[in-house]
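Breakdown of the fold
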Amino acid sequence: MTSTLSRAIVLDETVPACAPWSTIVRAGEQWEIIDLHGNQAVDCLLYSAADHADRYSAQATIVAQRNIFLTTGSVLLTDAGTALMTVLADEVGNHDTIAGACSQESNTLRYGHHTRHQHACVENFLAEAMKWCLGKRDLVSNINWFMNVPVEPDGTLGIVDGLSAPGKKVTLRAEVDTLVLVSNCPQINNPCNGFDPTPVRMVVTR
């Protein structure tokens, strides 16, 4: 992988804690997600910029790589087999594909009715999706970068402290022009953000 220092910076933005974010990463460009403070989950959806119906499929990606976790070498696929992005480098080593995005409804179910008012990733996705003429039916199973979700022997999913640390990053290369939607997760009821959501940095280079 070519170092960031020898590549032209196309975009360098900090996403505030709990906020949504989106951009189009062009084919051949590299996208770095940098966990500025450590232990921050970053929920992510991917779409072909040319056809939003051709979108990231957790099922196709898991089957192709025979692994429910993402790391260096993972290719993020659509149901049609389109390779959207490839993980070029990973300083954490384990990213979740199956726990999904928190929502006001799931917060209520998991943590009690007193959480019903809390903003969540689904609401972030919906707000950001509107900018690209996408709606609720366009939201699919998402990637949770930096989120640590071990699977117990009985099949139970755990949400535990992350494996990341301040400054750790994951680097992806766009294989086609790819629309990226992100929710910098606002969850405060489980350890995925260390109970304290923090900003993350997005850098796109060419």
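Along every chain, residues carry numbers that run from 1 in the direction the sequence is written. At least 70 in pLDDT is required for a residue's local features to be given in this predicted model, at least 80 for side-chain atom pairs to be given and counted, and no such filter applies to totals for whole chains, interfaces and linings, which use all residues. Values reported for side chains reflect all heavy atoms of the structure, with hydrogen atoms and water molecules removed beforehand.

**Overview of helix 2 (residues 104-111)**
To be explicit about the condition: For the exposure calls, accessible area comes from a 1.4 Å probe over protein chains only, and a residue counts as buried if that area is under 20% of its type's maximum, exposed if over 50%, partly exposed in between. Comment: elements are numbered from the N terminus, with helices defined as DSSP H or I runs of at least four residues and strands as E runs of at least two.
Within the span of helix 2, buried status applies to Gln104, Ser106, Asn107 and Thr108. A positive phi of about 115 degrees marks Gly112, the residue just after helix 2.

**Comments concerning the sheet that holds strand 1 (residues 9-15)**
Heads up, the condition is: Whether two strands pair depends on DSSP finding at least two bridges between them. Interaxial angles span 0 to 180 degrees and are taken between N-to-C directions of axes, which are lines fitted to C-alpha atoms, for helices over the stretch in contact.
Read across the open sheet, the six strands follow the order 1-13-3-11-8-7; overall the sheet is antiparallel. Each edge of the sheet is formed by a strand with only one pairing partner; in this case those strands are strand 1 and strand 7 (75-77). The mean inter-strand angle of the sheet, taken between neighbouring strand axes irrespective of direction, is 20 degrees. Summarising the sheet, strand 3 (residues 30-35) and strand 11 (residues 168-174) pair through six bridges and their orientation is antiparallel. Bridging across to strand 11, Gln30 finds its partner in Arg173.

**Regarding the pattern of salt bridges**
Two side chains with opposite charge may pair up if their charged atoms get near one another. Formally: Counted as salt bridges are all cases of a side-chain nitrogen of Lys or Arg within 4 Å of a carboxyl oxygen of Asp or Glu.
Enumeration over the complete set of coordinates arrives at seven salt bridges. In this structure, Glu128 engages Lys131 in a salt bridge whose closest nitrogen and oxygen atoms are separated by 3.2 Å. A salt bridge links Glu175 to Arg173; the nearest nitrogen and oxygen atoms lie 2.9 Å apart. Residue classification places Glu175 among the partly exposed positions, given a relative accessible area of 29%. Residue Arg173 is classed as partly exposed on the basis of its relative accessible area of 30%.

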